[in-house]
Amino acid sequence: MTDSPNTVNKIRNLVIALVAIALAITLVFASQTKVSSQSLEAQAQKATNLDVALNNGKPSLVEFYANWCTSCQAMAGDLAQLKENFEDKINFVMLNVDNSKWLPEILNYGVDGIPHFVFFNENGDAIADTIGEQPLTIFEENLQALLNHQPLPYANSRGNISAFNPANKLQTGNQDNPRDHR
């Protein structure tokens with residue numbers, strides 16, 4: 001008994017259709033993100049306002065992030081845990097770099113990669129920062145040091161700097177002729 005070409009084509013088409021449906025369902029579920037208490041958006045909504053954080057007498061951790069940032073997403077669960085453990089002692093602020101409202105802060109704190117974290121003492125002074133994914137234990141040690149008024153063990157320290165006033169002033173010459181050095 002041989003299968004007719006028509007029957008073979010029907011079976012092949014049915015298999016292709018089932019595989020296509022399975023792939024479509026997989027893609028739909030894979031592209032959807034769960035909004036949980038650990039998602040960046042949910043955390044940002046619960047975050048302390050920057051002005052409040054810098055003026056309420058508690059140390060603060062400011063996170064510069066973006067929703068599309070995979071490192072930011074990867075750290076969201078750990079940061080949610082830190083917020084639960086330290087929320088009564090430390091302000092947690094989240095500033096989305098895609099929001100132009102935060103451009104002055106982005107420039108002021110030298111944000112050139114995300115996630116970028118800036119640590120503030122209780123007086124609202126930036127004292128240290130870190131850039132990139134950080135393990136939970138590293139963050140815990142930094143936050144504990146922040147609370148204990150100690151140098152943060154795993155951060156780039158910030159301190160007072162001297163103003164740069166070059167001794168040599170720019171000399172002007174003939175702007176039309178670059179070879180003229182008068």
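This one's a predicted model, so the numbers in the text were calculated from it and none came from an experiment.

(A) Local environment of the confidence of the model for the chain. Overall, the prediction assigns the chain a mean pLDDT of 83, with 79% of residues at 70 or greater. Per-element confidence in the chain is highest for strand S2 (residues 91–96), whose mean pLDDT is 96, and lowest for strand S5 (residues 156–157), whose mean pLDDT is 69. Scored below 50 in pLDDT, residues 33–37 shows six contacts in the model against residues more than four places distant or in partner chains. Within the model, pLDDT remains below 50 along residues 159–164, and this stretch shows zero contacts once partners closer than five positions in the same chain are excluded.

(B) Geometry of the pairing of strand S1 (residues 60–65). Burial of S1 is extensive: six of the six residues sit out of reach of the surface. Side chains Ser60, Val62 and Phe64 project from S1 onto one buried face, and the interleaved Leu61, Glu63 and Tyr65 project onto a second face that is buried too. Across six bridges, S1 lies against S2 in parallel orientation. In the strand pairing of S2, serine 60 is matched with asparagine 91. Chirality of the crossover, the property in question, places the unit of S1, helix H4 (residues 70–86) and S2 among those that are right-handed. Examined bridge by bridge, S1 and strand S3 (residues 116–120) share five bridges and lie antiparallel to one another. The residue bridging leucine 61 from the neighbouring strand is phenylalanine 119, located in S3.

(C) Quick look at helix H6 (residues 136–147). Compared with the 16 Å implied by 1.5 Å per residue over 12 residues, the 17 Å span of H6 between its first and last C-alpha is a close match. Listing the buried residues of H6 in full gives Leu136, Ile138, Phe139, Asn142, Leu143, Ala145 and Leu146. Packing partners of the buried residues in H6 comprise S1, H4, S2, S3 and strand S4 (126–131). Looking one or two places after H6, you find histidine 149, whose phi comes out positive at around 60°.

(D) Local environment of the packing of aromatic side chains. Applying the stated rule across the entire model yields four aromatic pairs. Seen from their ring centres, tyrosine 109 and phenylalanine 120 are 5.5 Å apart, and the 85° between their planes marks the pair as edge-to-face. Residue tyrosine 109 is found in the loop between helix H5 (103–108) and S3, and its partner phenylalanine 120 is found in strand S3; the two are separated by 11 residues along the sequence. Given the relative accessible area of 16%, tyrosine 109 is considered buried.

(E) Structural view of the pairing of S2. Of all six residues in S2, six are buried; the element is thus mostly enclosed. Here S2 shows two buried faces, one formed by Asn91, Val93 and Leu95 and the other by Phe92, Met94 and Asn96.

(F) Broad picture of H4. The end-to-end C-alpha separation of H4 is 24 Å, in line with the 24 Å expected for 17 residues at 1.5 Å each. Its maximal kink placed at alanine 76, H4 deviates by approximately 45°. Along H4, the residues that are buried comprise Cys72, Met75, Ala76, Leu79, Ala80, Leu82, Lys83 and Phe86. Close packing links the buried residues of H4 with helix H2 (40–46), S1, S2, S3 and H6.

Scoring rules and cut-offs
- Residues numbered from 1 in each chain as written.
- Predicted model: local features only at pLDDT ≥ 70, side-chain atom pairs only at ≥ 80, totals over all residues.
- Heavy atoms only, no water.
- pLDDT = per-residue confidence, 0-100.
- Helix = DSSP H or I, 4+ residues; strand = E, 2+ residues; numbered from the N terminus.
- Contact = heavy atoms within 4.5 Å.
- Buried < 20%, exposed > 50% of the residue type's maximum accessible area, 1.4 Å probe, protein only.
- Pairing = 2+ DSSP bridges.
- Right-handed = clockwise from strand over helix to strand, strands pointing away.
- Expected span 1.5 Å × (residues − 1).
- Phe/Tyr/Trp six-rings, centres within 6.5 Å; stacked < 30°, edge-to-face > 60°.
- Bend = angle between axes of the 7 residues up to and from the residue.

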